[in-house]
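Overview (structure and organization)
Spelled out from the first residue to the last, the chains are:
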Amino acid sequence: MFEDGLFYHSDKKARFLFETPRAVPELTDKEYPFVLLTGRGTSSQWHTQTRTGKCAVLKKLYPDHIYVEMNPLDAEPLGIEANQKVLIASKRGQVTATVFITNRVQAGQLFIPMHYSVANELTFPGFDPYSRQPAYKACAVSVQKTNIP
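Now for a quick tour of the structure. By convention here, each chain's residues receive numbers from 1 onward along its written sequence. Thresholds applied to this predicted model are a pLDDT of at least 70 for local features of residues and 80 or more for the giving and counting of side-chain atom pairs; totals over whole chains, interfaces and linings are not thresholded and use all residues. Side-chain numbers here rest on the full set of heavy atoms in the structure, without hydrogens or water.

**Examining the environment of Tyr136**
Residue position: Tyr136 is located in the loop between β5 (109-113) and β6 (138-145). Along the backbone, Tyr136 and Met114 are 22 residues apart, and their C-alpha atoms lie at a distance of 8.4 Å. Contacts between residues were defined by any pair of non-hydrogen atoms, one from each residue, lying within 4.5 Å. Every residue in contact with Tyr136, bar those within four places of it in the chain, is listed here: Thr38, Asn120, Thr123 and Phe124. Secondary structure elements follow DSSP: runs of H or I of four or more residues count as helices, runs of E of two or more count as strands, with numbering from the N terminus.

**Things to note about the layout of surface pockets**
Only protein atoms enter the 1 Å grid, on which a cavity is a set of points fitting a 1.4 Å probe that cannot get out and a pocket is an open set with protein on both sides within 12 Å along at least 5 of 7 lines, lining residues being those with an atom within 4 Å of a point. Grid points are joined across faces, edges and corners, and a volume is the space filled by probe spheres set on the points. By volume, the largest pocket is sized at about 260 Å³. Arg22, Ala23, Val24, Pro25, Gly126, Phe127, Asp128, Gln133, Pro134, Ala135, Lys137 and Ala138 together form the lining of the largest pocket. The class makeup of the residues in the lining of the largest pocket is seven nonpolar, two polar and three charged. All amino acids are sorted into three groups, where Ala, Val, Leu, Ile, Met, Phe, Trp, Tyr, Cys and Pro are nonpolar, Asp, Glu, Lys and Arg are charged, and the leftover types, Gly among them, are polar.

**Examining the environment of Asn147**
As for its placement among the helices and strands, Asn147 is situated in the segment after β6. Distance from Asn147 to Lys85, taken between C-alpha atoms, is 7.5 Å for residues 62 residues apart in sequence.

**Let's talk about the packing of aromatic side chains**
Pairing of aromatic rings covers Phe, Tyr and the six-membered ring of Trp, with a centre-to-centre limit of 6.5 Å; geometry is then stacked below 30 degrees between planes, edge-to-face above 60, and tilted otherwise. Under the criterion given, the structure shown has three aromatic pairs. Here the aromatic rings of Phe2 and Phe7 are separated by 4.7 Å at their centres, their planes lie at 20°, and the arrangement is stacked. Using a 1.4 Å probe on the protein chains alone, a residue whose accessible area is under 20% of its type maximum counts as buried, one over 50% counts as exposed, and one in between counts as partly exposed. Exposure remark for Phe7: the relative accessible area of 27% places this residue in the partly exposed category. Where Phe2 meets Tyr8, the ring centres are 5.2 Å apart and the plane angle is 65°; that geometry is what we call edge-to-face. Classification of Phe2 as partly exposed rests on a relative accessible area of 30%.

**Notes on the side chain of Asn71**
Secondary-structure assignment places Asn71 in the loop between β2 (67-70) and α2 (72-78). Looking at Asn71, the relative accessible area reads 5%, which means it is buried. In the analysis that follows, any N or O atom pair within 3.5 Å is treated as a polar contact, provided that within protein one partner can donate a hydrogen and the other can accept it, and provided that, for residues neighboring in sequence, both atoms belong to side chains. A distance of 2.8 Å separates a polar side-chain atom of Asn71 from the backbone oxygen of Val105. Not counting residues up to four positions away in its chain, the partners in contact with Asn71 are Ile101, Thr102, Asn103, Val105, Gln106 and Ala107.

**Details of the nonpolar core**
For our purposes a nonpolar core is just a set of buried Ala, Val, Leu, Ile, Met, Phe, Trp, Tyr and Cys residues, chained together by side-chain atoms within 4.5 Å. Formed by 22 residues in total, the largest nonpolar core has its most connected members in Val68, Met70, Ile88, Leu110, Ile112 and Val143. For this core, the secondary structure elements donating two or more residues are β1 (34-39), β2, β3 (85-89), β4 (94-101), β5 and β6. Setting aside anything within four residues of it in sequence, one finds Val143 in contact with Phe34, Met70, Leu78, Ile80, Val86, Leu87, Ile88 and Leu110.

**Description of the environment of Ile80**
Its location among the elements puts Ile80 in the loop between α2 and β3. By relative accessible area, Ile80 is classed as buried at 5%. Along the sequence, Ile80 and Thr146 sit 66 residues apart, while their C-alpha atoms lie 9.7 Å from each other. The residues contacting Ile80, other than those within four sequence positions of it, are Met70, Ala75, Val86, Val99, Ile101, Val143 and Lys145.

**Here's the deal with the pairing of β1**
Two strands are counted as paired when DSSP detects at least two bridges linking them. Where β1 and β6 come together, four bridges link them in antiparallel fashion. Directly across from Val35, in β6, lies its bridge partner Ala140. Note that β1 and β5 share five bridges and pair parallel. Looking across to β5, one finds that Leu37 is bridged to Phe111.

Next up, the structure:
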């Protein structure tokens, strides 16, 4: 597509849109003090498994069960330990995930790979005003320990 350098405009040129970055659509508060980020979690999965989920080899290369990455500075005061199940909740839903404690995420942030489609049940249902692409990248959440083994 567009290999010939021509685009769907009368002058055949591409259009780039520049604007000031917008604030996150949902701020944290006392009830939902963490920012949940979603994105690519492994090199074996991308999208939300719409294509890679159909490949048996790639499915073997990522964990079957949803996990959440959490900074140790956040886990310790909450008494959360590695490989423990936690409940992640937003204003739209909740999921149970296994905790992976890591410095790869900043304190105050959590990360869930987007290839677990249930992650999108938590995120803010906004859309890019130009492309209409869902803005399933960030939202405010809470996290708490569960008794689930």
